[in-house]
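Working through the structure, step by step
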Amino acid sequence: MRLVGTLLLRFRYPCESIIIYFSRTGTTKGLAEAAAAATGADLLELTLKEPYADDYSAMTGIARSERANNARREIAAAIPDLSGYDVVVIGSPYWWGGL
């Protein structure tokens, strides 16, 4: 897995690290979990107060409209104080040319 290999190069010295991610379908979640297992990083999954529709077509229409209007859904999870981390990795789906 190239992503994990790249992360391993970055985590060569002992450091406090966290991987924060959002995953609608589970793909980003799988990558985040693999990277955390390989590096020993803490893991935080971001969930949304109002999740996207399960139906892909319905979800893409809503997400495309939100992107066009620069709108973002509210995160349900509390973000911890990150000042104690040396490395913070963000994982997200890549939709229509942006995160």
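Here, every reference points to the structure presented above.
Residues numbered from 1 in each chain as written. Predicted model: local features only at pLDDT ≥ 70, side-chain atom pairs only at ≥ 80, totals over all residues. Heavy atoms only, no water.

**Some details on the sheet that holds strand E1 (residues 17–21)**
Put simply, the rule reads: Only strands that DSSP links by at least two bridges are regarded as paired with each other. A run of DSSP states H or I qualifies as a helix once it reaches four residues; a run of E qualifies as a strand once it reaches two. Both are numbered from the N-terminal end. With axes taken as lines fitted to C-alpha atoms, and helix axes fitted only over the stretch in contact, angles between N-to-C directions fall between 0 and 180 degrees. We call two residues in contact whenever any of their non-hydrogen atoms come within 4.5 Å of each other.
Taken together, the three strands give an open sheet; going across it, the order is E2-E1-E3, and neighbouring strands pair in parallel fashion. The open sheet terminates on both sides in strands that have one partner only, identified here as strand E2 (42–45) and strand E3 (87–91). Along the sheet, successive strands turn relative to each other by an average axial angle of 20°, direction set aside. Of the pairings in the sheet, the one linking E1 to E3 comprises five bridges and is parallel in character. The residue of E3 that forms the bridge with Ile-19 is Val-89. On the sheet, helix H2 (residues 27–39) packs against E1, E2 and E3 and is oriented at approximately 175° with respect to E1.

**As for the packing of aromatic side chains**
Formally: Ring pairs shown here join Phe, Tyr and Trp side chains whose ring centres sit within 6.5 Å, with only the six-membered ring taken for Trp; geometry is labelled stacked below 30 degrees between planes, edge-to-face above 60, and tilted in between. Geometrically, a charge over a ring is one whose NZ (Lys) or CZ (Arg) sits within 6 Å of the ring centre while staying within 35 degrees of the ring normal.
Under the defined criterion, the tally for this structure stands at zero aromatic pairs. Between the NZ or CZ atom of Arg-73 and the centre of the ring of Tyr-52, over which it lies, the distance is 4.2 Å.

**As for unusual backbone geometry**
Heads up, the rule is: Residue exposure (1.4 Å probe, protein chains only): buried if accessible area is under 20% of the type maximum, exposed if over 50%, otherwise partly exposed.
Of note, the phi angle at Asn-70 is positive, near 55°, even though the residue is not glycine. Of note, Asn-70 is situated in the loop between helix H3 (56–68) and E3. For Asn-70, a relative accessible area of 60% translates into the label exposed.

**Here's the deal with the pattern of salt bridges**
Heads up, the condition is: Note on definitions: salt bridges are taken to be side-chain nitrogens of Lys or Arg within 4 Å of carboxyl oxygens of Asp or Glu.
Summed over the entire model, instances satisfying the criterion amount to three salt bridges. Between Glu-74 and Lys-49 there is a salt bridge; the shortest N-O distance is 3.0 Å. In this pair, Glu-74 sits in the loop between H3 and E3 while Lys-49 sits in the loop between E2 and H3, placing the two residues 25 residues apart along the sequence. Residues Glu-74 and Lys-49 agree in their burial class; the two are exposed. Across the pair Glu-50 and Arg-73 runs a salt bridge whose closest N-O atoms are separated by 3.8 Å. Residue Glu-50 is located in the loop between E2 and H3, and its partner Arg-73 is located in the loop between H3 and E3; the two are separated by 23 residues in the primary sequence. For Arg-73, a relative accessible area of 18% corresponds to the buried category. One connected set of salt bridges, linked through shared partners, spans Glu-50, Glu-66 and Arg-73.

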